[in-house]
Amino acid sequence: MSHQFQFRRYRLPLRVPVRTAHGRWAEREGVMVRLTDAHGAVGYGEAAVLPWFGTETADEAENACRELGRKVDDARLDSLPAGLPCLRGALAAARASEQDWPPRHESLGVAALLPAGRPALTAIAPRVEAGFRVFKWKVGVGEPADELALLDDVCAALPAGSKLRLDANGAWDRRQAERWLERCAERPVEFIEQPCWVPRTQGEAAQRRGDDMLRGLAGDWPTPIALDESIASEADIERWLGAGWPGLFVVKPSLLGDLPGALQRLETARAAVVFSSALETGVGARRALRAAFAWGGEPRALGFGVWPLFADSRFDGPHLAPFIRAEDVRRLDAEAVWNALN
Ligand code: MG
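The following refers to the structure shown.

Quick word on the overall build of the protein chain
And then number 1: A count of helical and extended segments in the protein chain gives 12 helices and 13 strands.
And then number 2: Considered along the principal axes of its C-alpha atoms, the protein chain spans approximately 60 × 45 × 35 Å.
And then number 3: Counting over 342 residues, the protein chain shows a buried share of 52%.
And then number 4: For the protein chain, long-range pairs separated by at least 24 residues make up 69% of all intrachain contacts whose partners lie at least 6 apart in sequence.
And then number 5: Within the structure as shown, the protein chain displays about 15,300 Å² of accessible surface, and the carbon and sulfur contribution to it stands at 49%.
And then number 6: Taking the average place of the 43 positive charges on the side chains of the protein chain and the average place of its 47 negative ones, the gap between the two points comes to 2 Å.

In C-alpha cells:
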C-alpha cells in the first residue's frame, strides 16, 4: 500500500532540566511522523532518539525522512536500515491499526523516582503519602561509600511491603558493585539497574569483558540485576537472551525498531521485563504504554514517572501518579500533539 508521508522535527524545552548520567538535558529533540494510507486512515509515530544509547541522531532521522519524500509504499518503509531504530519504530507505530490494542490490565503501577544522595530521604514521605509503593533511587552519582551509608536510612523510610529499585546507570566498577550487592542481599531491593557498563564505543573486546562482569555479578549475588544501557537494540536483547541472562530487561520501547518482534522474543523466553520511558512526548508514550499494557509476562511497576516533563504541557504523557490506567493510555491524543508542533 502507498502512504502520504509527513514529518516534523521537534525541539521541546523541558519544564526543568533533567540531570542524567549522560549529561544535563534542557530540551528534547526528535522527529514526529504522520502517515495517511490509501483509505484515508491517519497514524502518528515519534522518533524519540537517544544517540548515547546507540540510536540515530535527530539529524539522521530527519535526513532519512527527507529522503522518503511525500509518498512512500510499504516496501520502502520495510527496507529502512537497522541504523534508524527510532524512526523505524515511529513509522511502524504510524502504520499500526487503531483497533488492535488489547490491554491485559486495567491499570499498572508506576515507580516513583527518588533523587540521588541525601535528598532521597525527604522525598520519600510525600510519595508514600501519594500512594507510591515502588521507588527508584538514582545511585552512582556521588561517592559510592557515601551513598551506601544512606541505604539503610532509605530502606527504613519506606513503608512495609515497598520495593526499592536502584539505578546506577553503569557508574560502578566491579568492586563497588559487589559492595552494593552484598549490602542489598538482606534488604527490600527489587533489583539493581545497570551496576556497570562498557559503552559499545570502547570496542568489542571491552564490551565482552563488561558483559562477563555483569554475568558474574548476577551469578554471585541474590539481588537481581536489570540491564538498561546494555540493551539498546533488538540485537542486544537477542544477545543477552542467547546468553541466558538470569536478570531483568529494562525495555525502552521508543528505542526499538521492531518492538512487537522484540517483545515476542522476550515473552517466549519468559524474560522479566520492566517498561521504561525514553522521555518521549505523548505520541511515543502511547506506543510504549500500549506495549506495556499488552505485555503477557508478569507485570511490573512502570518506569514512566516522568511527566509533567515539557515546558508546554500539551506534549506530556499521563502525569505522575501511583498508577497509569488503560483509560489514560487510550486518551493520549497523537493528533493533538502533532497539531501543537505547528
Ligand atoms: Mg536506567
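Having seen the structure, we can now continue with the description.
So, the packing of aromatic side chains
Aromatic ring pairs are defined here through the distance separating the ring centres and the angle between the ring planes.
And then number 1: Under the defined criterion, the tally for this structure stands at 10 aromatic pairs.
And then number 2: Seen from their ring centres, Trp25 and Trp52 are 5.1 Å apart, and the 70° between their planes marks the pair as edge-to-face. Of this pair, Trp25 sits in strand β2 (residues 23-36) while Trp52 sits in the loop between β3 (42-47) and α1 (58-68); the two residues are 27 residues apart in sequence, bridging distant segments of the chain.
And then number 3: Here a set of aromatic residues connected by ring pairs shows up, and it is made of Trp137, Trp172 and Trp180.

What to know about the coordination of the magnesium ion
And then number 1: Here the magnesium ion is held by Asp167 (OD), Glu193 (OE) and Asp228 (OD), and the distances to it run 2.1 to 2.3 Å.
And then number 2: Of note, the magnesium ion draws all its donor residues from one chain, in the sequence arrangement D-x25-E-x34-D. Residue Asp167 is found in strand β8 (residues 163-167), and its partner Glu193 is found in strand β9 (residues 189-193); the two are separated by 26 residues along the sequence.

A few points about the pattern of salt bridges
As a working rule, side chains carrying opposite charge can pair if their charged atoms are close by.
And then number 1: One pass over the full model with this rule turns up 27 salt bridges.
And then number 2: Notably, a salt bridge pairs Arg9 with Glu62, separated by 2.4 Å at the nearest N-O pair. Here Arg9, found in strand β1 (residues 2-20), pairs with Glu62, found in helix α1; they are 53 residues apart in sequence, far enough to count as distant.
And then number 3: Within the structure, one salt-bridge network assembled from shared partners comprises Arg9, Arg11, Glu27, Glu29, Asp59, Glu62 and Arg66.

Description of the pairing of β9
And then number 1: Buried residues dominate β9, accounting for 5 of its 5 residues.
And then number 2: In the sheet, β8 pairs with β9 via 4 bridges, with the strands oriented parallel. The residue bridging Asp167 from the neighbouring strand is Glu193, located in β9.
And then number 3: Between the parallel pair β8 and β9, the chain is carried across by helix α6 (residues 174-184), and the sense of this crossover is right-handed.
And then number 4: Sheet topology places β9 next to strand β10 (residues 225-227); 2 bridges connect them, and they run parallel. For Ile192, the partnering residue across the bridge sits in β10 and is Ile225.

As for the packing of helix α4 (residues 119-130) against helix α5 (residues 144-157)
And then number 1: Contact geometry for α4 and α5: axes closest at 9 Å, N-to-C directions at 5°. If you check the angle between α4 and α5, you find them roughly parallel. Touching Ala120, Leu121 and Ile124 of α4 are Leu150, Asp153, Val154 and Ala157, all from α5.
And then number 2: Looking at the contact of α4 with α5 residue by residue, the class counts come to 6 nonpolar, no polar and 1 charged.

Re the sheet that holds strand β6 (residues 112-114)
And then number 1: In spatial order, the strands read β6-β7-β8-β9-β10-β11-β12; together these 7 strands make up an open sheet with parallel pairing. Sheet topology places β6 and β12 (272-275) at the edges, where each strand pairs with a single neighbour. Geometrically, the sheet is characterised by an average inter-axis angle of 30° between neighbouring strands, direction not taken into account.

What counts, and at which threshold
Residues numbered from 1 in each chain as written. Predicted model: local features only at pLDDT ≥ 70, side-chain atom pairs only at ≥ 80, totals over all residues. Heavy atoms only, no water. Helix = DSSP H or I, 4+ residues; strand = E, 2+ residues; numbered from the N terminus. Buried < 20%, exposed > 50% of the residue type's maximum accessible area, 1.4 Å probe, protein only. Contact = heavy atoms within 4.5 Å. Areas by Shrake-Rupley, 256 points an atom, 1.4 Å probe, with all protein chains shown as cover. Lys, Arg positive; Asp, Glu negative; His and termini not counted. Charge placed at Lys NZ, Arg CZ, Asp CG, Glu CD. Phe/Tyr/Trp six-rings, centres within 6.5 Å; stacked < 30°, edge-to-face > 60°. Donors = N, O, S within 2.8 Å, 3.2 Å for Na, K, Ca; no water. Salt bridge = Lys/Arg side-chain N within 4 Å of Asp/Glu carboxyl O. Pairing = 2+ DSSP bridges. Right-handed = clockwise from strand over helix to strand, strands pointing away. Axes fitted to C-alpha atoms, helices over the stretch in contact; angles between N-to-C directions. Parallel < 35°, antiparallel > 145°, perpendicular 65-115°, else oblique. Nonpolar A, V, L, I, M, F, W, Y, C, P; charged D, E, K, R; others polar.

Spatial relationships are all this shows, so hold off on functional conclusions.
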